[in-house]
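# Reading the structure
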Amino acid sequence: MKITKLSKWDFWAYVTVGIIITFMVILAYPTFSLFVSGFKDPSSGLFSLTNFIKFFTKKYYYEGLIHSFLVSISVTLLSVIIGVPIGYFMTAFKIRGKRFLDILITISMLSPPFIGAYSWVLLLGRNGIVTNFFKNTVGIETPTIYGFIGILLVFTFKLFPYIYIYVSGALKSIDVSLSEAAESLGSGHWRTVLNIIMPLILPTILAGALLVFMNSITDFGTPMLIGEGYRVMPVLIYSEFVGEVGGSANFAAAMALIMVVITAVLFMMQKYIVNRKSYVMSSLHPMRPKPITGIKSFMVHAFIYIVVAIAIIPQLTVIYTSFLNTKGQVFQKGFSLRSYITIFDELGLAIKNTYEFGATAIVIIIILSMFIAYLSVRKRSALTGLIDTIAMLPYVLPGSVLGIALLLAFNHEPLILSGTGTIIVMSLIIRRLPYTLRSSSAILYQISPSLEEASISLGYSPAKTFFKITARLMMPGVISGAILSWITAITELSSSVILYTGLTKTMSVAIYTEVIRASYGTAAALSTILTITIVISLLIFLKISGDKEIKI
Amino acid sequence: MSVNISIENVVKKYGSNTVIHNLTLNISDGELFTLLGPSGCGKTTLLRMIAGFNSIEEGTIKFDDRVINDIPANKRNIGMVFQNYAVFPHMTVKENVEYGLKVRKLSKSEIDKRVNEMLKLVKMQEFKDRFPEMLSGGQQQRVALARAIVIRPDVLLMDEPLSNLDAKLRIEMRSAIRDIQKEVGITTVYVTHDQEEALAISDRIAVIKEGTVQQVDRPYNIYARPENVFVATFIGHSNLFNGNILLKGDKKLIQFSSGYKIELNNLPPDVSEGQRVIVGVRPEEFIPADDGLKAKIKKRVFLGRYIEYELLFPEGIALPNQPTLKFSQDVGKTNIIFNEGDVICLKVNEEKINIFTENGMHNLVKDVMPV
Ligand SMILES: Nc1ncnc2c1ncn2[C@@H]1O[C@H](COP(=O)(O)OP(=O)(O)OP(=O)(O)O)[C@@H](O)[C@H]1O
Ligand SMILES: [Mg+2]
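Counting restarts for each chain: residues are numbered from 1 in the order of the written sequence. Written order decides the labels, with chains lettered from A and ligands numbered from 1. With the structure being a predicted model, the display of local features is reserved for residues of pLDDT at least 70 and the display and counting of side-chain atom pairs for 80 or more, all residues being used for whole-chain, interface and lining totals. The side-chain figures draw on all heavy atoms in the structure; neither hydrogens nor water molecules are used.

### Quick notes on helix H2 (residues 93-102) of chain B
Taken across its ten residues, H2 of chain B has seven buried, putting it largely inside the fold. Three or more residues of H2 of chain B are buried, namely Val93, Asn96, Val97, Glu98, Tyr99, Gly100 and Leu101 of chain B. Any two residues whose heavy atoms approach within 4.5 Å at even a single point are treated as in contact. Only runs of H or I of at least four residues qualify as helices and only runs of E of at least two qualify as strands under DSSP, and these elements are numbered from the N terminus. In this structure, the buried side of H2 of chain B is in contact with helix H20 (449-457) and helix H21 (462-490) of chain A together with helix H3 (108-121) and helix H4 (137-149) of chain B. For each residue, the accessible area found with a 1.4 Å probe, counting protein chains only, is set against the maximum for its type, and the residue is called buried under 20%, exposed over 50%, and partly exposed in between.

Here it is, written out as structure tokens:
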């Protein structure tokens, strides 16, 4: 009897192979190069553990790791302390201007952290507005913002929204009857919160906390701009790699590998918790915000508004600063558009690059995401499983690590890409693919496969069916993910700063270099353009997703 | 246009699990053919093999003389109607119906003509510019049916098309489907696990159990002369009794273990004296009488036109492990109503009852009343 198979070389087989090749080139090969490089002795070129031994025996280096952990642990704790109450208040109580607050929180979460760092320098730095005010008018020296404290401030107010969003999401899935039951049993309001609600949302808090930890330990811009000599891992890696004096690519690669191990562990813990926390029920009667009055209302509102104000101050500061009159790098009295004129004259290319690289990356991200989502949701097999696993890699590759990996891989034959826009686009694709990929898969799960089968039985080939039916129905999910990818792509710094050259500078890099050379006006103007782009993108996102909040 | 489907020795495996065993069926041109069986018996699997969405591990499926095993689903010219309608949500009713015509490179006027005809046939012309979200389930299923038929497929496949509809709409839609199917005369394979729906709608039914065909026949025959004990109990209800055959001259008798004897004139000649059999009696085939099988009434349920009694027989009369033993009384034809706890005597209607071999695999009675 003849044995027949339908799974021949069809459209999806070609797509699978295409994606595997793409991933091998842009992801697996660079990661592999990083490994090889990290285990190579810089002087002899032989494989050895020299780099790792050097790292763990020299205080100068291993201190960086300790610093990184100190910063991230503190930031995580502070974010929880701020984020959990806000999450609870915003869900349990009627808060004035909640919608507006949500938008502000989202903006501050999505703005690049280095803008936060830089604007706190503008306010509280050596020559900062607030510092000068206290020094000249009041005669008090304000404590320094540079170093550990500054990093903490920036990260906390930038990252607490993750906890807020996680917690309010979890609270909405708790059935109100549960807490009502507790209260009817005589448990007071705060006791109910502590005994009933907290244990239920604890896993969620933990998952959010790991996300915060991961973000703060991998960020490069903030410690670089406001850390001033407080060495953390990403800064060490960067200066070792690009450093003119005595830098070693191999040693940088080794440190990068140490980072990858840390992020991989964090990522797996996060995934484990997220997968397990599903026991939090989906509720029939979600918590309804209750009105509050009197002193309680005042305290709650004051707390929320102060936190949100601090979180949004950086954006306002840069916008304000961008309109200050300048002469050269020095601020003058009054307002002008001089900073803008300067950037369009001198940094027009950076602006153009930013949108061009971003847009190119997004187009490719959208295509890849839709195909990968389709393969992993609809065509499960060993191969698509492999694709799925490789697509996780970006989660555990911090920006600076990826930058190094790409340079190591593509600065020699067979593929020389260093210094090109292509390599930057490549890094953006890798770094920002997950957002679009995840929302594409999520929406695909909601589309019934029988729609595709209906189309096929009506005479459309699987490929045509994908474009006419599936892709079309996936669009809302894809676009809302793509907007997040887009926002984070145009604000990417940690990999671009390693990959850029004069011709491939982006706005983020330009802001960084302008701040380094103390040209604050131009940096502010650039930041303002970025912030406005983010806000517009965000509004489009909210319109498309119809959701009132962002999923991260 | 319409074709004859022959399914020959077809096997379907999921890993090491064989879901369809060497199955052979012949579905005639223009016929409404139903696959009926309990959940998980492989109805959907078989249907999707015909459609081209499941691979065929062994055997062949032919449309007329054309083997279709290797033809991809989109080239099989099949109309398919799904349980969840699968109407494209981003297209209007009209766009849904013309979708399959567009890929067939027909002229605009031909497409419009066919779409309008079809919308008229399914009584949806007034909704043609609506999006599916503004249609009821029944209306969406009409659109799905129109979309499947308008391409003039060789075969129409329907997988539980009515199971998402409420009871009343289900009855209305099943006669609509039947009418439309007859009007276009298309070979149709219909899957359901609702036996009443199958009996009402089909030209012929294949009863399937665990991937093997138990019986293929017209609805009345399946009900009246089930091929085996499984079919007898799966389609409608059958009470099963132990019995054995007595031969008295040319007369053939069945003796129940209580000693009650009946004479049957529709047993085949090759039965032997003392042969053990299973007697299948449907609830409406009992007749209250002065003698016969003694039974106690355990429970009485009034169902309007019928009264259903749950019976208790003395040990050893009925086969063990039957969920319930039932007698149903036509209210229009009786004036005695029994009470719970009464002990009554029941005769059986000799012409209607079925006699199965001892292993329950075959029905010894072959004759069927013409309908
Ligand atoms: N993709 C699959 N992989 C493995 N086993 C499957 C798959 N699809 C179906 N099966 C198995 O094949 C058997 C037949 O399934 P099928 O869906 O054909 O049943 P069905 O008769 O349509 O049932 P229902 O009335 O519940 O729809 C079941 O035991 C099922 O578990
Ligand atoms: Mg089924």
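That covers the picture; the talk isn't over yet.
### As for the packing of aromatic side chains
Two rings belonging to Phe, Tyr or Trp (six-membered ring only in the last case) form a pair when the distance between their centres is within 6.5 Å. Interplanar angles under 30 degrees mark stacking, angles over 60 mark edge-to-face geometry, and anything in between is tilted. Taken as a whole and assessed by the stated rule, the structure comprises 42 aromatic pairs over all chains. Summarising the aromatic geometry, the rings of Tyr60 of chain A and Tyr61 of chain A are spaced 5.2 Å apart at their centres and angled 90° between planes, so their arrangement reads as edge-to-face. Summarising the aromatic geometry, the rings of Phe89 of chain A and Phe93 of chain A are spaced 5.9 Å apart at their centres and angled 25° between planes, so their arrangement reads as stacked. With a relative accessible area of 13%, Phe89 of chain A lands in the buried category. Classification of Phe93 of chain A by relative accessible area gives buried; the value is 4%. Taken together, the ring pairs in this structure connect Phe241, Phe256, Tyr260, Phe286, Tyr309, Phe313, Phe327 and Phe338 of chain B into an aromatic cluster. Over the aromatic face of Tyr223 of chain B sits the side chain of Arg282 of chain B, whose NZ or CZ is 3.9 Å from the ring centroid. Here, a charge over a ring means that NZ of Lys or CZ of Arg falls within 6 Å of the ring centre while also lying within 35 degrees of the ring normal.

### Quick notes on the domain arrangement of chain A
All names here are of chain A. Each domain's extent was defined by an automatic or database domain assignment. In terms of domain boundaries, chain A breaks down into domain 1 (31-102 + 160-300) and domain 2 (323-449 + 458-552). Look at where the C-alpha atoms of domain 1 and domain 2 centre, and you get two points 22 Å apart. At the junction of the two partners, domain 1 supplies 30 residues and domain 2 supplies 24 residues. Reported buried area values correspond to the accessible surface (1.4 Å probe) lost by two parts on association, with both partners' losses combined. Carbon and sulfur atoms supply 78% of the area buried between domain 1 and domain 2, which totals about 2,400 Å² over both sides.

### A look at the pairing of strand S12 (residues 251-256) of chain B
All names here are of chain B. The buried fraction of S12 amounts to five of the six residues, a majority that puts the element mostly inside the structure. The pairing criterion for strands is at least two bridges between them, as found by DSSP. For strand S11 (residues 239-248) and S12, the ladder comprises six bridges, and the chain directions are antiparallel. Opposite Ile245, over in S12, you have Ile254 as the bridge partner. Joining the antiparallel neighbours S11 and S12 is a turn of two residues, in which Gly249 adopts a positive phi near 65°. Where S12 folds back onto strand S13 (residues 261-264) in an antiparallel hairpin, the turn is made up of four residues, including Gly259, whose phi is positive at roughly 105°.

### Some words on the interface of chain A and chain B
With 25 residues of chain A at the contact, the number on the chain B side is 31 residues. Both sides of the chain A and chain B interface together cover about 2,400 Å² of buried area, and 60% of this is carbon and sulfur. The rule for a salt bridge is simple: a side-chain nitrogen of Lys or Arg has to be within 4 Å of a carboxyl oxygen of Asp or Glu. Where chain A meets chain B, there are one salt bridge. We call two N or O atoms a polar contact when they sit within 3.5 Å, provided that within protein one can donate a hydrogen and the other can accept it, with sequence-adjacent residues counted only if both atoms are side-chain atoms. Our enumeration of links across chain A and chain B arrives at seven residue pairs in polar contact (both at pLDDT 80 or more). Counting only elements with at least two residues in the side of chain A that touches chain B, the list comes to H20 and H21 of chain A. Ranked by residue count, the leading element in the side of chain A that touches chain B is H20 of chain A, at seven residues. Classes in brief: Ala, Val, Leu, Ile, Met, Phe, Trp, Tyr, Cys and Pro nonpolar; Asp, Glu, Lys and Arg charged; the others, Gly included, polar. Looking at the side of chain A that touches chain B residue by residue, the class counts come to eleven nonpolar, seven polar and seven charged.

### Looking at the environment of Ser258 of chain B
All names here are of chain B. Within the fold, Ser258 resides in the loop between S12 and S13. Note: C-alpha distance between Ser258 and Leu36 (222 residues apart in sequence) is 36 Å. In this view, Ser258 contacts Leu293 and Ile317; residues no more than four positions away in its chain are not counted.

### Topic: the nonpolar core
One recurring pattern in soluble globular proteins: nonpolar side chains tend to sit buried together. Residues and elements named next belong to chain B. The biggest cluster of nonpolar side chains holds 256 residues, and the ones touching the most others in it are Ile7 and Ile61. Once residues within four sequence positions are removed from consideration, Ile7 is found in contact with Leu23, Thr24, Leu25, Ile27, Leu46, Ile50, Thr60 and Ile61. Buried Ala, Val, Leu, Ile, Met, Phe, Trp, Tyr and Cys residues that are joined via side-chain atoms within 4.5 Å together make up what is termed a nonpolar core. Counting 32 residues, the second-largest nonpolar core is a separate cluster that includes Leu264, Ile307, Ile355 and Leu364.

### Re the domain arrangement of chain B
Residue and element names in this part refer to chain B. If you check the domain split of chain B, you get domain 1 (5-229) and domain 2 (230-357). Between the C-alpha centres of domain 1 and domain 2 the distance comes to 38 Å. Residue-level contacts link 18 residues of domain 1 with 17 residues of domain 2. Between domain 1 and domain 2, roughly 1,500 Å² of surface is buried when both sides are summed, and carbon and sulfur atoms account for 63% of that area. Summed over the three residues of domain 1 that lose the most area to domain 2, namely Tyr223, Arg225 and Val229, the buried surface amounts to 44% of that side. At the junction of domain 1 with domain 2, the criterion picks out zero salt bridges. Within the side of domain 1 that touches domain 2, the residues separate by chemical class into ten nonpolar, five polar and three charged.

### Points about empty space enclosed by the protein
All names here are of chain A. Both cavities and pockets are sets of points on a 1 Å grid over the protein atoms alone; in a cavity a 1.4 Å probe fits but cannot get out, in a pocket the set is open with protein on both sides within 12 Å along at least five of seven lines, and lining residues sit with an atom within 4 Å of a point. Grid points are joined across faces, edges and corners, and a volume is the space filled by probe spheres set on the points. Applying the stated criterion to the full structure yields four cavities of 30 Å³ or more. What the second largest cavity holds in volume is close to 100 Å³. Along the wall of the second largest cavity there are 14 residues; nearest its centre are Gly116, Lys158, Ala311, Pro314 and Gln315. At the level of secondary structure, the elements contributing two or more residues to the lining of the second largest cavity comprise helix H5 (113-124), helix H7 (148-172) and helix H13 (294-322). When grouped by side-chain class, the residues that make up the lining of the second largest cavity number nine nonpolar, four polar and one charged.

### Let's talk about the environment of Tyr146 of chain A
All names here are of chain A. Locating Tyr146 in the fold gives a position in the loop between helix H6 (129-138) and H7. For Tyr146, a relative accessible area of 14% gives the class buried. On a C-alpha basis, the gap between Tyr146 and Tyr230 in space is 8.6 Å, while along the polypeptide they are 84 residues apart. What Tyr146 contacts, discounting residues up to four positions off in sequence, is Val121, Gly125, Arg126, Ile226 and Glu228. Here the side chain of Tyr146 touches Arg126 through a polar contact of 3.1 Å, landing on its backbone nitrogen.

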